[in-house]
Amino acid sequence: MRAANFNFLTTPRNIWLIFAAIILTFSGCSQYSQNFVSKTFHNVTARYNAYFLAREKMKEVEHDMWEAHKDDYNRPLYVFPNLDTTLQKSLVPSTDYIIEKAALPVQKHKNSNWVDPSYLLIGQSRIFRGEFETAVQTFKYVNTKGKDVEHKQDALIWLIRTYIYSEELKLVPSVVDYLKKRKLTDDNKRNFHLTLGYYYQKLADSKEVLEEEDYDFVIAHLTRAVPFIKKRDERSRVHFILGQLNQFRGRPKEAHEHYQAVLKNNPPYELSFFARLYMTQVSDLSRAGDVQQVEKYFRKLLKDKKNVEYKDKIYYEMALFRLNQDNHKKAIEFFEKSLASSAGDQFQKARSYHQLGRLYYEDLQKYELAKAYYDSTVTLWDKKDREYKPIARRQEILAEFVRQLKTIEREDSLQRLAAMDSTKLSAFLDQIILDEEKKQREDMRRLEEAAKRQANAAAMQQQQGLGTGDGSGKWYFYNPANVNMGRMEFERKWGKRKLEDHWRRSMKEVNFDDDEEEEEEEEMFAEEVDSAAIRAQRKEELYKDIPFTQTQMDTSDHRLEQALYKLGKIYDLNLEEYENSIETFKRLIKKYPKSEHRPEVLYFLYLLHKEKESPEAEDYKNMILSEFPNSVFAKIIKNPNYLEESKALNKKVAKLFKQAYELYSQKEYFLSEKALNNIKDQYPESDIEDKIEFLLILIHGKTGSTLQFRNDLEAFIETYSNSTLLKKAEELMKTADDYLAQKEQDGDRPGGVEVKYINKLDKPHFFIAELPKDKIIKNKIMIQFRNFTDKSAQNGASKEINLLDLNDSTVAVVVRAFGSIEEGFNYMDDITSIHSFLNDYKPSYRIALITDDNYSLFEKSRDMDAYLRFYRAFYE
């Protein structure tokens, strides 16, 4: 039978038949063929040889993304893991593999059903690599060319996610509007609403100030997504986010229900832990014993060994719970325990510091402590977070507040010391030094005790095979950073000392005596001598700070005055502690009645008393009106709309000033000066009065004498002592002084008029003829010029003719005005012809053309020699 079958297969005719069948089969498996055999072959090959491998690797990538993602449970969790450049780089090898495998169905199995899903995997890989433009193109291609409706919708959902990751949030709504009109599958409904929830989270993040309703859209879309979520861990996370958002919106009942839903889904331990923890915040505590029940639950969490790494968070929640009970003392204790229990969670540590800062700032008004905690908060807080800016702003306010407070305390103390009897002062300083030494000894004792406790804890942990609990896994002295910080603190207090016994002594003699008792006595004596020298040196340092002389007292008074002024403003404008502000301002004007800040301080006191409807407001109002009637504060009192009107006026003045400055930049000094003077005439009380005056001085510096320029600057500095241009004016005055000193050294007379004419000739011109006074008769020369000018005038245009005395011996005849330089030269050629009447004054006359701008300068100097030097340089 077997032989017969074999013979059948090996006959020539049947061999050709089998060969033909094989050719027909494989020719039908082309990727462009649509027959059943071909499509089945390519579907199977594409799915199991390529797409399956790419999809499994994508699952690994998504797992790695979640592993790299760090959740901050103090704020609503994100629906999806965030991307950063570090994560993107780490995913490159895996996404390379996915793209390589997913490309096979696209390139070699075009007639299979796995081309669109492969494109989706490629697009996702591009997102996770940070190649957003390529990802966008990929998803748009699937939506346009894809065969399956579900895949096309999926591509658009991933397109939204691409826009979110690439921070192109403005492009999302158009895609969302399109998808809302389509009937989505259950999977796509889930993905669509989850993605929109993530979008609205990011939209809320982009706002500087978060409003409660900003999370309502997140709640709405995540609620719609829940029924379509099949995976328990994913469903648990979404319920947890909904619990957080409802808690934020002040809906404790809904929040409690979502936290319970988290627990029902058997979530990962961390999520379960925080869900139980947050349920305490939204539980109804109206019944007797509820508070004790919550506290009992907290103690239970602390005892559970599984919660060792969460102790900082437990203590933090215990502190918040106590804070809600208005128990500040216990709240502070638990916040401090949270910090002490920190296992390296920067998010949590920053929150604890912030809460302590807020508590000391808002509730206890202990600003120095608040500042210290805000300093730590700013160091640890994420600078990209929305809350960072207001936190940093408050830290700056507190830093400035504490600085002024310390200045006041210091100057007050120093002035009191300066008024003391010398004997009492000496004794007082001795006591200060003893108190400092006592504090140093106490600080050292605490440091030594802390070091012992840490050493004992490290020893126990080493025995148990554990680290130090600080997140480093090392004993204190194995950590170079800790050791360096300790060394720096030691050297700051004690200086550099040799490692030996009795290191506190600055000097030691080598003792070869074996008598231990005698050696100890000598060492004690040496330490006493050393301490006495140190005390004497410290006492001398304290004496140096006390303002004994009038100059020192004036300096101290200035510091105190400025600090009181700044502190009063901080109390009023930043801390909103109005009574403290009033007290501080009153102290300022009482101690320094002639203070430069008096008008403003009186106005602050007027407003503060007016706000509290105090009759004292009228007293301060009258003081302002009588003492400073021309001040801006008096004008505001008289006209409540003054600031608004002044703002509009100043806007107009600023526009005119800009035009004047542009003329100055174009070297149109005459026109610029004219424009500035017009501004001064029309708007004498503008906010930029100093700028106007300064620009006028610069113009005079370009056109007048250096000496006058220098004197103008000096007057400016004296008049506008608070101007922002003061530094520039001082620099220019120094330059002018250096120039004048050099000119005087060279033998030149610095007081001479130095006119700087403007080299801009495409303007109207005047004709000037300088004539000797002793050879002319004024009436006759004016008639001669009038007759000649009228006869030669073009188009019958008459010219104005004037006389200008130049000095005791010469006078100038001025003919104005010629429309152009060419017209002026034609007039000059005619009047100097062989038949001209000017020939009667040869060789005593000199002539020139001059622009109208330069004539205004010439009129001031009346120096024909100086102008002719300019004329020859630029006209001839």
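Calculation rules
- Residues numbered from 1 in each chain as written.
- Predicted model: local features only at pLDDT ≥ 70, side-chain atom pairs only at ≥ 80, totals over all residues.
- Heavy atoms only, no water.
- Pairing = 2+ DSSP bridges.
- Helix = DSSP H or I, 4+ residues; strand = E, 2+ residues; numbered from the N terminus.
- Axes fitted to C-alpha atoms, helices over the stretch in contact; angles between N-to-C directions.
- Contact = heavy atoms within 4.5 Å.
- Core = buried A, V, L, I, M, F, W, Y, C linked by side-chain atoms within 4.5 Å.
- Buried < 20%, exposed > 50% of the residue type's maximum accessible area, 1.4 Å probe, protein only.
- Parallel < 35°, antiparallel > 145°, perpendicular 65-115°, else oblique.
- Left-handed = near helix turned anticlockwise from the far one by under 90°.
- Nonpolar A, V, L, I, M, F, W, Y, C, P; charged D, E, K, R; others polar.
- Polar contact = N/O pair within 3.5 Å; in protein donor to acceptor, adjacent residues only side chain to side chain.
- 1 Å grid on protein atoms, 1.4 Å probe; cavity = no way out; pocket = protein on both sides within 12 Å on 5 of 7 lines; lining within 4 Å.
- Points joined across faces, edges and corners; volume = space filled by probe spheres on them.

A. Layout of the sheet that holds strand β2 (residues 800–805). The sheet built from four strands is open, its strands ordered β2-β3-β1-β4 with antiparallel pairing. With one partner strand each, in any of the chains shown, β2 and β4 (846–851) form the two edges of the open sheet. Here the strands of the sheet are splayed against their neighbours by 25° on average, with no regard to which way each runs. In this structure, β2 lies alongside strand β3 (residues 810–818), joined through six bridges in antiparallel fashion. In the strand pairing of β3, Asn802 is matched with Val814. Helix-sheet contacts for helix α36 (residues 852–861) involve β1 (765–772), β2, β3 and β4, and the interaxial angle to β4 is about 120°.

B. Representation of the nonpolar core in the model. Within the largest apolar cluster, 138 residues are counted, with the highest numbers of intra-cluster contacts made by Ile127 and Phe240. Leaving out residues up to four positions away in the same chain, Phe240 has contacts with Tyr73, Leu77, Tyr259, Val262, Leu271, Phe274, Ala275 and Tyr278. Counting 69 residues, the second-largest nonpolar core is a separate cluster that includes Phe657, Tyr669, Ile679 and Ile688.

C. Looking closely at the pairing of β1. Among the eight residues in β1, eight count as buried, and that is most of the element. Pairing geometry for β1 and β3, over eight bridges, is antiparallel. The partner of His765 across the bridge, within β3, is Phe818. Here six bridges tie β1 to β4, and the two strands are oriented antiparallel to one another. Pairing of His765 across the sheet is with Thr851, part of β4.

D. Looking closely at the packing of helix α24 (residues 550–574) against helix α25 (residues 578–591). It is the contact of α24 with α25, at a shortest axis distance of 8 Å, that shows an interaxial angle of 155°. One finds that α24 runs roughly antiparallel with respect to α25. Here α24 runs over α25; the crossing is left-handed. Contacts between α24 and α25 involve Asp557, Leu560, Glu561, Leu564, Tyr565, Leu567, Gly568, Lys569, Tyr571 and Asp572 from the first element and Tyr578, Asn580, Ser581, Thr584, Phe585, Arg587, Leu588 and Lys591 from the second. Residue composition of the contact of α24 with α25, grouped by class: eight nonpolar, four polar and six charged.

E. How the structure looks around the environment of His700. Tracing the backbone through its elements, the reader meets His700 in helix α31 (residues 689–703). Owing to a relative accessible area of 26%, His700 belongs among the partly exposed residues under this scheme. Measuring from C-alpha to C-alpha, the distance between His700 and Tyr669 comes to 8.6 Å, with 31 residues separating the pair along the chain. His700 has contacts with Glu673 and Asp712, leaving out every residue within four places of it along the chain. A polar contact of 3.1 Å, which involves the side chain of His700, links it to the side chain of Glu673.

F. Region of interest: the layout of surface pockets. Space inside the largest pocket adds up to approximately 1,900 Å³. Considering the residues around the largest pocket, the lining is formed by 46 residues, among which Glu62, Trp66, Arg190, Lys231 and Glu234 are closest to the centre. In terms of residues, the lining of the largest pocket owes the most to one element, helix α3 (residues 36–68), which gives 11 residues. Residues belonging to the lining of the largest pocket are distributed by class as follows: 21 nonpolar, seven polar and 18 charged. Volume-wise, the second largest pocket comes out at about 1,500 Å³. Lining of the second largest pocket is provided by 42 residues; of these, Tyr78, Asn82, Lys202, Asp382 and Lys384 occupy positions nearest its centre.

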